[in-house]
Each structure stands twice: as structure tokens, then as C-alpha cells.
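Structural features, examined
Single-letter residue listing:
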Amino acid sequence: MAKRGGFPGGMPGNMSNLMKQAQRMQRQMEEGQKELETKEFTAKAGGGAVEACVNGKKELLKIKISEEAVDPDDVEMLQDMIVAAVNEAMKQADDASQELMGKMTGGLGGGFPF
């Protein structure tokens, strides 16, 4: 009679393959995350008056402000444009991260036997 299920003699083929697949996916995730961290995401606000650049680690790298955007009588408008540009650049970084995660976990829909 053939052995079925259980783990007495070692891992069954399916479990071994599943472990290899998980390890491969973990390596791909680490590589993808490293690549994502080096990317830069730039967004503009106020018709290009303010530009913000962040990296994949969501660190603000630089802000560019055009001279026309600097109005001492309307500092609040400049502040709003800065916030808008930074938030949009952060959203781009988030979207790229979500896309990476989706690619890596796309095949996990129903592959688990439990």
C-alpha cells in the first residue's frame, strides 16, 4: 500500500515545492524592494510652480520652488502647493510598491491546499 499524506519519511513533494516557491518569491520580493528604494518619484503642483521628489523609501529628496510661486502676501498658497506635490510623489511611491506586491503575490490566489 502506498503512503499518502503525513510527514514521517520527509516532506511530501507538494510541500517541498511550496517551500521552494516561497523562498524564490521571498528573494524576488527582496530584490524588487531594493530596486524600488532606488527609484525616484516626482510630482508637481500649482502648474509646475512646486516640484517634489521622493524615493521608494518615502524619503523626501528635494523640493523645487519657482520664483513665481513665492508671494510674501500669500505664503499659505505656497505651503498648500508643497503639501500637494509631496503627497502626490508619496502616492506614486505607494502605487509602485503596491504594484510590486501585486506582481509578487499574484499567483497565490488559490494555490494553497488549506
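What you are looking at is a predicted structure, and each value in this text was computed from that prediction instead of being measured.

**Quick look at the sheet that holds strand β2 (residues 50-55)**
In space, the 3 strands of this open sheet follow the order β1-β2-β3, with antiparallel pairing throughout. Sheet topology places β1 (40-45) and β3 (60-65) at the edges, where each strand pairs with a single neighbour. Along the sheet, successive strands turn relative to each other by an average axial angle of 15 degrees, direction set aside.

**Overview of unusual backbone geometry**
Glycine aside, a negative phi is what most residues show, and trans is what most peptide bonds show. In the Ramachandran plot, Lys 58 falls in the positive-phi region, its phi being about 65 degrees despite a non-glycine side chain. Mapped onto the secondary structure, Lys 58 falls in the loop between β2 and β3. For Lys 58, a relative accessible area of 40% corresponds to the partly exposed category.

Calculation rules
Residues numbered from 1 in each chain as written. Predicted model: local features only at pLDDT ≥ 70, side-chain atom pairs only at ≥ 80, totals over all residues. Heavy atoms only, no water. Pairing = 2+ DSSP bridges. Helix = DSSP H or I, 4+ residues; strand = E, 2+ residues; numbered from the N terminus. Axes fitted to C-alpha atoms, helices over the stretch in contact; angles between N-to-C directions. Buried < 20%, exposed > 50% of the residue type's maximum accessible area, 1.4 Å probe, protein only.

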